[in-house]
Amino acid sequence: IPDFHGIWTPDYVALFAETDDGQVLLGRLYKQGTGTVTLIFPGGVIDRGEEALVAAQRELLEETGYTAREWTVKAKMVVHGNYGCGHAHFVHAKGLTKVQEPPHDDTEELTVEFYSRSALRGLLKRGEIEVMDCAAILGVMGV
C-alpha cells in the first residue's frame, strides 16, 4: 500500500513477577500517556543488542529493587497489528527477593504493591489496571 504508514518503537519487556506464595508485584505510578495514576506490571525498553530476558532482569531490579530465582519468556507480541509499534515481550519471574532499594527519579516514581492472582481481574474490571499490555499479560499468564 503506497501511503501506508507505521509507528516504529523499540521492543520492550513487561514482567509478571510473583513471590513463592503467589503474590504478584505491580507498580503504582503516574503514566503520562493516560494522565492518571495506574497499576502496571514492571518493564521497560530493551536496549539495542540486549536480549529480552536480560532486559527483564535489569528492569525489575531498576524499577522495584527485586530479583527473581526463575525467569521465563512467555510470549512476544506485536503491539499494534496495523501500525507495528514494536514487540512486547512478556516475562514470568518467580521467587522474588528484594535486594536493594530502587533508585527513583522525577520521571518514574513507582510504588511497589502486591496482589493475589485472584485479585488481578478485579483490578482490571475496576479500571485500576488500564494499560493494554498490562491487560494482555493477564491473558498470557492465564489469569
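No experiment lies behind these values; they were computed from the predicted model shown.

Undergrad: What is the right way to read the overall build of the protein chain from this model?
TA: Tallying secondary structure elements over the protein chain gives 3 helices and 7 strands in all. Ordering the α and β elements of the protein chain from the N terminus gives β-β-β-β-α-β-β-β-α-α. Computed over the C-alpha atoms, the radius of gyration of the protein chain is 15 Å, within 12% of the 15 Å expected from 2.2 N^0.38 for a compact globule of 143 residues. Expressed along its principal axes, the backbone C-alpha trace of the protein chain runs to roughly 55 × 35 × 35 Å. Looking at the 143 residues of the protein chain, the share that counts as buried comes to 41%. Of the contacts formed within the protein chain by residues at least 6 apart in sequence, a portion of 67% connects residues at least 24 apart. The protein chain carries 13 positive and 21 negative side-chain charges, and their two centres are separated by 8 Å.

Undergrad: Would you take a moment to explain the pattern of salt bridges for this structure?
TA: Proximity of charged atoms lets side chains of opposite charge pair with each other. In this structure the tally under the stated criterion is 11 salt bridges. The residue Arg-58 makes a salt bridge to Glu-62 at a minimum N-O spacing of 3.5 Å. Taken together, the residues span about one helical turn, with Arg-58 and Glu-62 both in helix α1 (residues 52–64) at a distance of 4 residues. Across the pair Lys-98 and Glu-101 runs a salt bridge, and its minimum N-O distance is 3.0 Å. Looking at Lys-98, the relative accessible area reads 42%, which means it is partly exposed.

Undergrad: Would you mind showing me how to read the packing of aromatic side chains here?
TA: Each aromatic ring pair is specified by the distance between its two centres and by the angle formed by the two planes. Tallied over the entire structure, the rule returns 2 aromatic pairs. Centroid distance Tyr-66 to Phe-114: 5.7 Å. Interplanar angle 70 degrees. Geometry classified as edge-to-face. Linking Tyr-66 in strand β5 (residues 66–80) with Phe-114 in strand β7 (residues 111–116), this pair joins segments that are 48 residues apart in sequence. On the accessibility criterion, Tyr-66 (13% relative accessible area) is buried. For Phe-114, a relative accessible area of 30% puts it in the partly exposed group.

Undergrad: Mind showing me how you'd approach helix α3 (residues 132–140) here?
TA: Quick reminder: α-helices carry 3.6 residues per turn. Residues three or four places apart thus point the same way. Within α3, the full set of buried residues consists of Asp-133, Cys-134, Ile-137 and Leu-138. Buried residues of α3, viewed axially, fall in a sector of 155 degrees; they line one side. In α3, the exposed positions angled more than 90 degrees off the buried face are occupied by Met-132 and Gly-139. Against the buried residues of α3 lie β1 (12–18), β3 (36–40), β6 (84–98) and α2 (117–125). Looking one or two residues past α3, Gly-142 carries a phi angle of roughly 70 degrees, positive in sign.

About the criteria used
- Residues numbered from 1 in each chain as written.
- Predicted model: local features only at pLDDT ≥ 70, side-chain atom pairs only at ≥ 80, totals over all residues.
- Heavy atoms only, no water.
- Helix = DSSP H or I, 4+ residues; strand = E, 2+ residues; numbered from the N terminus.
- Rg over C-alpha atoms; globule rule 2.2 N^0.38 Å.
- Buried < 20%, exposed > 50% of the residue type's maximum accessible area, 1.4 Å probe, protein only.
- Contact = heavy atoms within 4.5 Å.
- Lys, Arg positive; Asp, Glu negative; His and termini not counted.
- Charge placed at Lys NZ, Arg CZ, Asp CG, Glu CD.
- Salt bridge = Lys/Arg side-chain N within 4 Å of Asp/Glu carboxyl O.
- Phe/Tyr/Trp six-rings, centres within 6.5 Å; stacked < 30°, edge-to-face > 60°.
- Arc of directions from axis to C-beta.

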